[in-house]
Amino acid sequence: MPEKEKSYCLEERLLSSPELLHGIIQTATDAIVAIDAQHRIILFNRAAEQIFGYRVEEALGQDLGILLPEGVAERHRTYVEEFLRTGESPVLGRIMEGLARRKDGSLFPVQISRSATKFDDSWVFTAIVRDMSLQKEMERRLLESEKLAAVGMAVSRIVHEIKNPLIAIGGLVLSLYKKEDRPEHKRKLELILREVERLEKLLYDISDFAKPLSLELKDTDLVALCQESLEVYRPRLEEAGIKVRLKSDEKEIRAMVDGERLKEVLFNLFENALEAMADSGGELELEIKREGDRVLIYVRDTGPGIPEKLLPQLFTPFFTTKKKGTGLGLSISRKIVEAHGGNIRARNWERGAEFIIELPLRPPQTVSS
Ligand code: ADP
């Protein structure tokens, strides 16, 4: 008997064993989800539980829509209906990329391959779903570090060329300002000084962003670090009519971090919160809590929040919606947090914007990027 046929026979014999089939489905590292012709989930393996966050007994019998982003569920249902009518579907037998939805509502990238099988006179649609979050995240980091290495050198050169004349301009204008008595001239010189200061800050941010980051890790109490950072900002926030609150169930949470760099991240977030609430006043809440071997720091404001469609671009270098923004604060913050082996994300909560910093309590082996 030819080899191919022999293995086919073996496959047939093996698959006639329900225990073996069950074992294969349950030990697969990709999610395997099957639905019936009514779009209801009828199979949900262990990997699916881990990836989507539902327990099997929660998922079975539910509409497949619970695992799909809004809008996609409807489209998917029409594919199934179309297939039942015509026997054809544009999605069957192809490997496709898309987004799926976890129980907590968050969306994540997936690779999906689907098949349809007639079973006991009814159609069963099966999807094998691979969670691509980690791979996509690695690709993004690689792309970004390649991009940064390429622009880094050019940026440092330009920054260097602009910085010196700018410092000279600032110094000269300041000496003219001190000698000037005419109020009208003084006002104009003041304006120049303010713009020079703004450009200096921009140059500092750009060179900070382009430079490779090296951390000085020290054993640090993160609760105290949050407290100190908030104290620095408190006068400016309160002056703008913003109430300040620190929430922590624990007195002390120690981790190996670069405290100065983390303060920089918090200052960036406070500055953004201040700008978001500058006209209306409001409340800034800083919360820190331990969760297993991670620590979570939340910065919440009661400003207008972030339009949903801007959320994916927020941490992109130079992305800003402000007239005089640099669009570097959040990307520098992300660089610092990721160098600690952590991550930072943004979302809206009921009353405004929320930024979440997640850090490992023990740092990774390599800590520079
Ligand atoms: P910049 O502050 O210079 O614009 P950032 O990188 O700090 O640069 O922020 C990028 C953008 O993210 C901002 O322009 C703003 O649109 C948005 N953003 C950041 N923080 C908040 C917040 N607390 N509330 C609303 N939008 C925010």
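Refer to the structure above for everything that follows.
Because the structure is a prediction, the values reported are computed rather than measured.

Colleague: Could you clarify how one ought to interpret unusual backbone geometry in this entry?
Modeller: In terms of backbone geometry, most residues other than glycine have negative phi values and most peptide bonds are trans. Phi at Asp 120 takes a positive value of approximately 50 degrees, unusual for a residue other than glycine. Even without a glycine there, the phi angle at Phe 318 is positive, about 70 degrees. Looking at the element boundaries, Phe 318 is found in the loop between strand E10 (294-301) and helix H10 (329-339).

Colleague: I would appreciate a short explanation of the nonpolar core in the present structure.
Modeller: For soluble globular proteins, nonpolar side chains are generally found buried alongside one another. Of all hydrophobic cores here, the largest spans 55 residues; its most connected members are Leu 266, Leu 284, Phe 355 and Ile 357. Not counting the four nearest positions on each side in its chain, Leu 284 is found in contact with Leu 230, Leu 237, Ile 242, Lys 243, Val 244, Arg 245, Phe 270, Ala 273, Met 277, Val 299 and Arg 300.

Colleague: How should I be thinking about the site of the ligand in this particular structure?
Modeller: Near the ligand you find 18 residues, and of these Asp 301, Thr 320, Thr 321, Lys 322 and Leu 330 are the closest. Backbone polar atom of Gly 327 to an oxygen atom of the ligand: 2.9 Å apart, as the coordinates give it. Within the backbone of Gly 329, an N or O atom sits 3.4 Å from an oxygen atom of the ligand. Secondary structure elements with two or more residues in the shell around the ligand: helix H9 (259-277), H10 and strand E12 (352-360).

Colleague: Help me out: how do you make sense of the side chain of Arg 334 in this one?
Modeller: On the secondary structure map, Arg 334 appears in helix H10. A relative accessible area of 13% places Arg 334 in the buried class. Look past the residues within four positions of Arg 334 in its chain and what remains in contact with it is Arg 140, Glu 144, Phe 315 and Ile 344.

Colleague: What am I meant to see in the sheet that holds strand E9 (residues 282-291) here?
Modeller: One key point about sheets: their strands pair by backbone hydrogen bonds, in either a parallel or an antiparallel sense. Read from one edge to the other, the open sheet built from five strands follows the order E7-E9-E10-E12-E11, with strand pairing classed as mixed. Edge positions in the sheet fall to strand E7 (242-248) and strand E11 (343-349), since each of these pairs with one other strand and no more. Put simply, the sheet's adjacent strands are angled 15 degrees from each other on average, direction ignored. Here E10 pairs with E12 via seven bridges, running antiparallel. In the sheet register, Tyr 298 faces E12, and the bridge partner there is Ile 356. Together, E7, E9 and E10 form the strand contacts of helix H8 (residues 222-239), whose direction differs from that of E7 by roughly 175 degrees.

Rules used throughout
Note on numbering: residues in each chain are counted from 1, in written sequence order. The model is predicted, so local features are restricted to residues of pLDDT at least 70 and side-chain atom pairs to those at 80 or more, both for listing and for counting; the totals for chains, interfaces and linings are taken over all residues. Heavy atoms from the whole structure form the basis of all side-chain values; hydrogens and water molecules are not counted. Secondary structure elements follow DSSP: runs of H or I no shorter than four residues count as helices, runs of E no shorter than two count as strands, and numbering proceeds from the N terminus. What is meant by a nonpolar core is a set of buried Ala, Val, Leu, Ile, Met, Phe, Trp, Tyr and Cys residues, joined one to another through side-chain atoms within 4.5 Å. Exposed residues in this analysis have more than 50% of their type's maximum accessible area, buried residues have under 20%, and partly exposed residues fall in between, with area computed by a 1.4 Å probe over protein chains only. Residues count as neighbours in contact if any of their non-hydrogen atoms are within 4.5 Å of one another. Here a residue counts as near a molecule or strand whenever at least one of its heavy atoms sits within 4 Å of it. Here a polar contact is recorded for every N or O atom pair within 3.5 Å, except that within protein the pair must consist of a potential hydrogen donor and a potential acceptor, and residues adjacent in sequence are included only if both atoms are side-chain atoms. A pair of strands is considered paired only if DSSP assigns at least 2 bridges between the two. Axes here mean lines fitted to C-alpha atoms, for a helix over just the part in contact, with angles spanning 0 to 180 degrees between N-to-C directions.

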